[in-house]
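Spelled out from the first residue to the last, the chains are:
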Amino acid sequence: MTQFTGWLSQTSLSLTIQTHEWVIPTVQSIHIVAIGVALVSAFMIAFRVLGWTGSDQTLAETTARFWPWLLGSLCVLLLTGVLMVVGEPARELLAFSFWLKMCLVAIGTALTWWIGRSSARPLTVLTLIIWVSVIFLGRLIAYDHIWGSWSHSPKA
Amino acid sequence: MVAFAESLKNKGDMSIDGALSALEATRLAGSIRNSLYLFPFLESLHVVGLTMVFGTIAVLDLRMLGIASTRRPVSRIAMDVETWAWMAFVLTAATGALMFTTNATVYYYNIFFRLKMAMLVLAGVNVVMFNRTARRSIERWNTDATAPSSGRAAAMVSLLLWIAIIFMGRWIGFTTTRVTGSKPDPNINIEDLLPK
């Protein structure tokens, strides 16, 4: 992986991102805007299952409204996420927070799909916890040293 | 808080710079600075809060613009999201204020921080104006696919301002250096904190 991050950091796209200081903050800002859409889309489905919002609608109607927006924002997140990885390969790919976050994004997406169709309440609470954890882990990539020896991120 | 008032009195300095450094000197600010985990924790909660503020407000704005949820009455959408938006705003403001104390002078003079605060005020003004105009007659357009022009303008201004606020916030992080009294201790590993 260290070899791969070394190679990736020398690609022309990576070098372009590294030499233009505005790119990373801009991409991160777009990433956060998309997180807002993704998080609230997942929450609106979960809140409907829990009966906190949208009681004038069926769960199917709520899912039909928010699931496409969750998928759309996840596409934006994937694209901006890839740009961040290419721009700072070692910071992201060697971080324990990054890989745990990726696992939880996959689980969170699958769980949100599931509860939007089955309205399983305990799973819904778990879904909320997972999405909040995803945000925490995203921010913790910048502080990956808190994981001690589990982190291989270069900047301590 | 007592320490904060004391240091203001002792310095006899009511200037803004004096207040800012007094704020930085409080025990609260010090303990956040000296903790390895508190600042990242506050930042994470701040992101959870601000993404919820933006996301919930966007649901209402997109409804008024006729882009999403157009078959539901606007007032229903507002009922669904407004409480969550306010709760998330309180969380975001509180965590933001705590982070501010750790490095108050630097943030206060940061241009992106100032722009962000100005935009937050504008977003507030926008809500007040909307409540005094289009919202007064909501019964008349509640079930229409789009709000009247003043409502659509308010929704558009709201979306643009909140996106800009997110950008400013991220730029604050890139234009200020975090003051920290804590350096990660290479001898402490997460494994040590876990049961063997």
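Residues numbered from 1 in each chain as written. Chains lettered and ligands numbered in written order. Predicted model: local features only at pLDDT ≥ 70, side-chain atom pairs only at ≥ 80, totals over all residues. Heavy atoms only, no water.

**Student:** What should I look at first to understand the overall build of chain A in this one?
**Tutor:** Helix and strand counts for chain A come out as seven helices and zero strands. Mapped in sequence order, the helices and strands of chain A form the string α-α-α-α-α-α-α. Referenced to the eigenvectors of the C-alpha coordinate spread, the extents of chain A come out at roughly 55 × 30 × 20 Å. Scored against the burial criterion, the 156 residues of chain A give a buried share of 55%. Sequence-distant contacts, at least 24 apart, represent 72% of the contacts inside chain A between residues at least 6 apart. Looking at chain A as shown, the accessible area adds up to about 7200 Å², and 72% of this sits on carbon and sulfur atoms. (Helix = DSSP H or I, 4+ residues; strand = E, 2+ residues; numbered from the N terminus. Buried < 20%, exposed > 50% of the residue type's maximum accessible area, 1.4 Å probe, protein only. Contact = heavy atoms within 4.5 Å. Areas by Shrake-Rupley, 256 points an atom, 1.4 Å probe, with all protein chains shown as cover.)

**Student:** Would you explain the overall build of chain B in this entry?
**Tutor:** Scanning chain B from N- to C-terminus turns up ten helices and zero strands. When the helices and strands of chain B are placed in sequence order, the string is α-α-α-α-α-α-α-α-α-α. Split into buried and exposed, the 196 residues of chain B put 44% on the buried side. For chain B, restricting intrachain contacts to residue pairs at least 6 apart in sequence, the fraction spanning at least 24 positions comes to 74%. Roughly 10500 Å² of accessible area belongs to chain B as shown, and the carbon and sulfur atoms make up 67% of that amount.

**Student:** Any chance you could explain the interface of chain B and chain A here in plain terms?
**Tutor:** Interface size is often expressed as the accessible area that is lost when the parts come together. Counting residues at the interface gives 39 residues for chain B, matched by 39 residues for chain A. Where chain B abuts chain A, roughly 3400 Å² becomes buried across the two surfaces, and 74% of that area is made up of carbon and sulfur atoms. The interface formed by chain B and chain A holds three salt bridges in total. Note that Glu 43 of chain B is salt-bridged to Arg 139 of chain A, the shortest N-O span being 2.8 Å. Residue assignment for the side of chain B that touches chain A shows that the elements contributing at least two residues are α4 (38–64), α5 (74–102), α9 (149–175) and α10 (190–193) of chain B. For the side of chain B that touches chain A, the element with the most residues is α4 of chain B, which contributes 16 residues. (Buried area = accessible area lost by both parts, 1.4 Å probe. Salt bridge = Lys/Arg side-chain N within 4 Å of Asp/Glu carboxyl O.)

**Student:** I keep staring at the packing of helix α3 (residues 23–50) of chain A against helix α7 (residues 121–140) of chain A and nothing clicks. Help me out?
**Tutor:** Each pair of packed helices can be summarised by the angle the axes make with each other and by the distance between the axes. All names here are of chain A. At their nearest, the axes of α3 and α7 sit 9 Å apart, and the two run at 165° to each other. With respect to their mutual orientation, α3 and α7 come out roughly antiparallel. In this structure, the crossing between α3 and α7 has a hand that is left-handed. Residues Ile 35, Leu 39, Ala 42, Phe 43, Ala 46, Phe 47, Val 49 and Leu 50 of α3 form the contact with α7, whose own contacting residues are Arg 121, Thr 124, Val 125, Leu 128, Trp 131, Val 132 and Ile 135. Residue composition of the contact of α3 with α7, grouped by class: 13 nonpolar, one polar and one charged. (Axes fitted to C-alpha atoms, helices over the stretch in contact; angles between N-to-C directions. Parallel < 35°, antiparallel > 145°, perpendicular 65-115°, else oblique. Left-handed = near helix turned anticlockwise from the far one by under 90°. Nonpolar A, V, L, I, M, F, W, Y, C, P; charged D, E, K, R; others polar.)

**Student:** Before we go on, may I ask you to explain the packing of aromatic side chains in this structure?
**Tutor:** By convention here, two paired aromatic rings are described through the distance between centres and the angle between planes. By the definition in use, this model includes 17 aromatic pairs over all chains. Consider the rings of Trp 86 of chain B and Phe 89 of chain B, whose centres lie 5.9 Å apart with planes at 80°: the pair is edge-to-face. A residue pair is termed a helical-turn pair when its members lie 3 or 4 positions apart in one helix, as Trp 86 of chain B and Phe 89 of chain B do in helix α5 at three residues. On the basis of relative accessibility, which here comes to 31%, the residue Phe 89 of chain B falls in the partly exposed class. By the ring-pair criterion, three or more aromatic residues cluster together here, those being Phe 43, Phe 47 and Trp 52 of chain A together with Trp 84 of chain B. Here the guanidinium or amino end of Arg 65 of chain A rests over the ring plane of Phe 66 of chain A, the centre of that ring lying 4.1 Å away. The aromatic ring of Tyr 108 of chain B is capped on one face by Arg 114 of chain B, whose charged end is 4.6 Å from the ring centroid. (Phe/Tyr/Trp six-rings, centres within 6.5 Å; stacked < 30°, edge-to-face > 60°. Lys NZ or Arg CZ within 6 Å of the ring centre and 35° of its normal.)

**Student:** Looking at this model, I keep getting lost on the pattern of salt bridges. Mind explaining?
**Tutor:** Opposite charge on two side chains allows them to pair when their charged atoms are near. Going through the model one piece at a time under the given rule, you end up with eight salt bridges over all chains. Glu 88 of chain A is paired through a salt bridge with Arg 91 of chain A; the nearest N and O atoms lie 3.9 Å apart. Look at Glu 88 of chain A and you get partly exposed, because its relative accessible area is 23%. Residue Arg 135 of chain B is joined to Glu 82 of chain B by a salt bridge in which the shortest nitrogen-to-oxygen separation is 2.9 Å. Residue Arg 135 of chain B is found in the loop between α7 (111–132) and α8 (138–141), and its partner Glu 82 of chain B is found in helix α5; the two are separated by 53 residues along the sequence.

**Student:** Looking at this structure, how should I read helix α4 (residues 59–87) of chain A?
**Tutor:** An α-helix turns once every 3.6 residues. As a result, residues three or four positions apart point the same way. Counted at 1.5 Å a residue, the expected span for α4 of chain A with its 29 residues is 42 Å, and the 40 Å between its end C-alpha atoms agrees. A maximum bend of about 30° is found in α4 of chain A at Phe 66 of chain A, where proline Pro 68 of chain A lies one to four positions downstream. (Expected span 1.5 Å × (residues − 1). Bend = angle between axes of the 7 residues up to and from the residue.)

**Student:** Any chance you could explain the nonpolar core here in plain terms?
**Tutor:** When a protein is soluble and globular, its nonpolar side chains tend to lie buried together. Counting 81 residues, the largest nonpolar core has Phe 43 of chain A together with Phe 54, Met 64, Trp 141 and Trp 162 of chain B as the members making the most contacts within it. The element contributing the most residues to this core is α3 of chain A, with 15 residues. Ignoring sequence-local partners within four residues, the contact set of Trp 141 of chain B consists of Met 64, Val 74, Phe 130, Ala 134, Arg 135, Ala 147 and Pro 148 of chain B. Leu 8, Val 27, Met 84 and Phe 98 of chain A belong to the second largest nonpolar core, which has twelve residues in total. (Core = buried A, V, L, I, M, F, W, Y, C linked by side-chain atoms within 4.5 Å.)

Nothing here speaks to function; it is geometry throughout.
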